[in-house]
Amino acid sequence: MATTSIKEVARLARVSVGTVSNVLNRPEVVSPATRERVLTAIRELGFVRNEVARHLRAGRSRTVGLVVLDVSNPFFTDVARGAEALADEHDTMLVLCNSAADPARERRHLDQLEQQRVLGILITPVDAAGPHLAELAARGTPVVLVDSPAPGPQCSVAVDDRLGGHAAGAHLVERGHRRIAFVGGPLSIKQMADRRAGVRDAVHAAGDGVELIDRLTPTLSVAAGRAAGERLAALPDGERPTAALCANDVLALGFLQAMAACGLRVPEDMAIVGYDDIDFAAAAAIPLSSVRQPRELLGRTAIDLLLEEVTAPERHRHRQVIFQPDLVVRESSRARRIG
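The rules behind the values
- Residues numbered from 1 in each chain as written.
- Predicted model: local features only at pLDDT ≥ 70, side-chain atom pairs only at ≥ 80, totals over all residues.
- Heavy atoms only, no water.
- Pairing = 2+ DSSP bridges.
- Helix = DSSP H or I, 4+ residues; strand = E, 2+ residues; numbered from the N terminus.
- Right-handed = clockwise from strand over helix to strand, strands pointing away.
- Axes fitted to C-alpha atoms, helices over the stretch in contact; angles between N-to-C directions.
- Contact = heavy atoms within 4.5 Å.
- Buried < 20%, exposed > 50% of the residue type's maximum accessible area, 1.4 Å probe, protein only.
- Arc of directions from axis to C-beta.
- Core = buried A, V, L, I, M, F, W, Y, C linked by side-chain atoms within 4.5 Å.
- Salt bridge = Lys/Arg side-chain N within 4 Å of Asp/Glu carboxyl O.

Engineer: What is the right way to look at the pairing of strand β2 (residues 93-98) in this model?
Structural biologist: Regular strands show a simple pattern: their side chains alternate between the two faces of the sheet. Note that strand β1 (residues 63-68) and β2 share six bridges and pair parallel. Along β2, the bridge assignment pairs V67 with C97. Regarding topology, helix α5 (residues 74-89) serves as the crossover connection from β1 to the parallel β2, and that connection is right-handed.

Engineer: Sorry if this is basic, but what is going on with the sheet that holds strand β8 (residues 243-246) here?
Structural biologist: Two strands in a sheet stick together by hydrogen bonds in their backbones, pointing the same way (parallel) or opposite ways (antiparallel). Taken in spatial order, the six strands line up as β7-β6-β8-β9-β10-β12 in an open sheet, and their pairing is mixed. In this open sheet, the two edge strands, each paired with only one partner strand, are β7 (211-216) and β12 (326-328). If you compare each strand with its neighbour and ignore which way they point, the axes differ by 20° on average. Where β8 and strand β9 (residues 271-276) come together, three bridges link them in parallel fashion. Paired with A243 across the strands is A271, a residue of β9.

Engineer: Just checking my understanding: could you explain the sheet that holds β2 for this structure?
Structural biologist: If you trace the six strands from one edge of the open sheet to the other, you get β2-β1-β3-β4-β5-β11, paired in parallel fashion. Edge positions in the sheet fall to β2 and β11 (320-323), since each of these pairs with one other strand and no more. Ignoring which end each strand starts from, the neighbouring axes of this sheet average 15° apart. Examined bridge by bridge, strand β4 (residues 143-146) and strand β5 (residues 155-159) share three bridges and lie parallel to one another. Of the residues in β5, the one forming a bridge with L145 is S156. Each of β1, β2, β3 (120-123), β4, β5 and β11 touches helix α13 (residues 295-311); the most contacted strand, β5, lies at about 170° to it.

Engineer: Any chance you could explain the side chain of D78 here in plain terms?
Structural biologist: Looking at the secondary structure, you find D78 in helix α5. Overall, D78 belongs to the buried group, its relative accessible area being 7%.

Engineer: What's the story with helix α1 (residues 6-13) in this structure? I'm lost.
Structural biologist: Residue pairs spaced three or four apart in an α-helix point in one direction, given the helix's 3.6 residues per turn. Of all the positions in α1, only V9, A10 and A13 are classed as buried. Viewed end-on, α1 has its buried residues packed into an arc of 100°, placing them on one side of the element. Exposed side chains of α1 directed beyond 90 degrees from the buried face belong to K7 and R11. For α1, the elements touching its buried residues are α2 (17-25) and α3 (32-45). Of the residues trailing α1, R14 is marked for its positive phi of about 60°.

Engineer: Where do I start with the nonpolar core in this structure?
Structural biologist: Generally speaking, nonpolar side chains in soluble globular proteins are found buried as a group. Core analysis: the largest hydrophobic core is formed by 69 residues, its most contacted members being L122, I180, V183, F255, M259, I272 and I303. In this structure, I303 is in contact with V64, A83, L86, A87, L94 and L122, ignoring residues within four places of it in sequence. Formed by 13 residues, the second largest nonpolar core is a distinct cluster that contains C97, L110, V118 and V143.

Engineer: Sorry if this is basic, but what is going on with the pattern of salt bridges here?
Structural biologist: One side chain can pair with another of opposite charge once the charged atoms of both are near each other. In total, this model carries 21 salt bridges according to the counting rule given. Across the salt bridge formed by E296 and R81, the nearest N and O atoms sit 3.5 Å from each other. Remark: R81 occurs in helix α5 and E296 occurs in helix α13; sequence separation between them is 215 residues. A relative accessible area of 37% means that E296 is categorised as partly exposed. D237 is the salt-bridge partner of R240, the closest N and O atoms lying 3.0 Å from each other. R240 sits in the buried class, given a relative accessible area of 13%. Taking the relative accessible area as the measure of exposure, D237 reaches 59% and is therefore exposed.

This is the structure in structure tokens:
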């Protein structure tokens, strides 16, 4: 089907192309009668303005890219919701891209977003120190890291994951657990490494007799959590951990499934703490304790920093915003272990 042009609208309305442009972009400068005649012609012809062309002529689109590690994780859905809400207030569209924690796929998304001349990019990177992010910013596309501290001079919003891991580990130690598992990975993702380091800090602070057992996972999925739980459940009683920090709630839900399938009671035989505090954590069959992150606030803050850099570059100063996590204790880890 042929696309109606602005010239056809002008011809039907008996005005100049410039007048049609003014109706579309600066309607206040056009008389009400002329404006109504142009709008009638637009409706009759079914004219739709070419926003891409208009914005590219201006130098940039009104689109922001958001690249996340796992679009199936509700944590990132909530981050996107917060970012989209503020973007919408500024007449800006958010485009969501899923890297699936694959560096090559992430790079393809970044290349495509740059080619589309987006206003800027929000990203939870596979590798925050990767050179392509700095190169992208150097070529003029602002980049804000989300859920990841910036390793260099750029904006970022993140949560103190080492503190979050420590809070979870200290809680499990205080509950009487002496063999604690860390379930998560890969450790090449900084958030995973920081959460593990926080648990390790708490275990070391507890002194002799408390042991940290790693059960590293290749992904952060329900299936990976279930597989890790099944392997730990198969260990003899004297070797099996009695508690686990799962590096996100999606893993924790799979881990909880494995405990039920293997006949282990939660929290009596295995206490579980997740991370992120997604809505499903509280709604699980056994409500999950979890380290809460301000998910929507992360997204809103990231968009705010990006739009500030775009609209007021002369005043903008790069900032690394760090939020504090909160441990939410529920039934999955509440009981004190005896013996």
